[in-house]
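A look at the structure
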Amino acid sequence: MENSDFVSATPDTDNFLSPADENVQLQRQNEMLKKEIAQLKIERQRIKQTRTRLSVFLLILLLISMVTTTFAWFTISSISSVHNMEITIGTGVQLLISDENHGDVLAEYTNAVTEVEINKQLAVYDTSMDDMELDPLTSSDGVNLFTEHGNIPVEANKNTFLEFELFFIATEDMWVHLTPNESEPGAEDGTMVFTSSTGVQADIVNCVRVSFTDEEAGTTVIYEPNKGTMVADQNTFDLTGNFSNATRLFHLDPLSPKNITVRIWIEGEDPQCDDDVQKANLQMQFNFEGTDENNIPVN
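A brief structural summary. All values reported here derive from a predicted model rather than from experimental measurement. (Residues numbered from 1 in each chain as written. Predicted model: local features only at pLDDT ≥ 70, side-chain atom pairs only at ≥ 80, totals over all residues. Heavy atoms only, no water.)

Its identity as a non-glycine residue notwithstanding, Leu-255 has a phi of 55°, on the positive side. Within the secondary structure layout, Leu-255 lies in the loop between strand 13 (248-252) and strand 14 (258-267). Phi at Lys-279 takes a positive value of approximately 65°, unusual for a residue other than glycine. For Lys-279, the location among the structural elements is in the loop between strand 14 and strand 15 (283-291). Its relative accessible area of 60% is what places Lys-279 among the exposed residues. (Helix = DSSP H or I, 4+ residues; strand = E, 2+ residues; numbered from the N terminus. Buried < 20%, exposed > 50% of the residue type's maximum accessible area, 1.4 Å probe, protein only.)

Take Ser-139: it is sitting in the loop between strand 6 (136-137) and strand 7 (162-170). Of the residues examined, Ser-139 reaches a relative accessible area of 2% and is grouped as buried. One polar contact links the side chain of Ser-139 to the main-chain carbonyl oxygen of Asn-144, over a distance of 2.8 Å. Not counting the four nearest positions on each side in its chain, Ser-139 is found in contact with Asn-144, Leu-145, Ala-232, Gln-234, Trp-265 and Glu-267. (Polar contact = N/O pair within 3.5 Å; in protein donor to acceptor, adjacent residues only side chain to side chain. Contact = heavy atoms within 4.5 Å.)

Applying the stated criterion across every chain yields a total of five aromatic pairs. Centroid distance Phe-168 to Phe-288: 5.0 Å. Interplanar angle 70°. Geometry classified as edge-to-face. Of this pair, Phe-168 sits in strand 7 while Phe-288 is found in strand 15, placing the two residues 120 residues apart along the sequence. The pair Phe-168 / Phe-288 is uniform in exposure class, with both members buried. With a centroid separation of 6.0 Å and 90° between ring planes, the pair formed by Phe-212 and Phe-288 is classed as edge-to-face. Taken together, the residues span a long stretch of sequence, with Phe-212 in strand 10 (residues 208-214) and Phe-288 in strand 15 at a distance of 76 residues. Judged by relative accessible area, which is 0%, Phe-288 ranks as buried. Members of the aromatic cluster, joined through ring pairs, are Phe-168, Phe-212, Phe-250, Phe-286 and Phe-288. When the ring centre of Trp-175 is taken as origin, the NZ or CZ atom of Arg-248, which lies over that ring, is 4.3 Å away. (Phe/Tyr/Trp six-rings, centres within 6.5 Å; stacked < 30°, edge-to-face > 60°. Lys NZ or Arg CZ within 6 Å of the ring centre and 35° of its normal.)

This part takes up the pairing of strand 14. In terms of burial, strand 14 is a largely internal element, nine of the 10 residues being buried. Here strand 7 pairs with strand 14 via seven bridges, running antiparallel. Bridge pairing in strand 14 links Leu-162 to Ile-264. Strand direction decides the pairing type here: strand 10 and strand 14, joined by seven bridges, are antiparallel. The residue of strand 14 that forms the bridge with Ser-211 is Arg-263. (Pairing = 2+ DSSP bridges.)

Burial runs high along strand 8 (residues 174-178): four of the five residues are buried. Here four bridges tie strand 8 to strand 13, and the two strands are oriented antiparallel to one another. Bridge pairing in strand 13 places Val-176 opposite Phe-250. The pairing of strand 8 with strand 15 spans four bridges and is classified as antiparallel. If you follow Trp-175 over to strand 15, its bridge partner there is Thr-291.

Once that is clear, we can look at the side chain of Asn-281. Structurally, Asn-281 can be placed in the loop between strand 14 and strand 15. Residue class for Asn-281 comes out buried when judged on its relative accessible area of 14%. A polar contact of 2.8 Å, which involves the side chain of Asn-281, links it to the side chain of Gln-283.

Structural data, given as structure tokens:
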């Protein structure tokens, strides 16, 4: 055989790594793989944090939305006027009323107090029912009323809220209630809060609050026409035509007059007390009725 025809079977050691070099290369590849896995974990955590921040942001927006829809108030300065108010009593001689205290002289009391008598009290404030306007206020007790940002009670009858006094007297022991019932068929003198305003302005009737304070007993109750969800921690009642302990205003002993302070305001925290009801008008009439201790009407 010629030497030129001989092919060596010896391996080409230049194309092979030694065991030590192979270990080094594997370690390098392992380190690179660890770095890639660590980078993936960091990216995944970043995405998770972004989603968490987004969820918290959306939750905060939702809470803000809930707050702004709960506390309505007016955002501009125009206010709602109240006029054509009439207060009537349709229960006969057992229950009488006046804008002044006449002691036990029954002949000085009547079955009705109208705007004329209320205007006599408002004259002290240099105003009248025709000029009276109501600002949105809030009160938890029906006695002290505040503006949206105030911590000092506002004064009555200063285009803020309406306040006046009534004196009741009865010929027998009774609890006095407001009643939506007519004093007689067709009289249309039951307690009502209504408006001639139309559209969204008509919602003003849902924003009204009326409190009655028994100055002798030191108790106050709040009437909320069309009662809705509680606001301002108010304990209020509405009229259903049925009498109960919850609808009692005050108690009268026979021939003993009682001084009752009436306050009427627009509740700023009522959800419907917003810009839509500004410049609306209100008409009110109150009918009072006496019951015995079991809340049965006195005949």
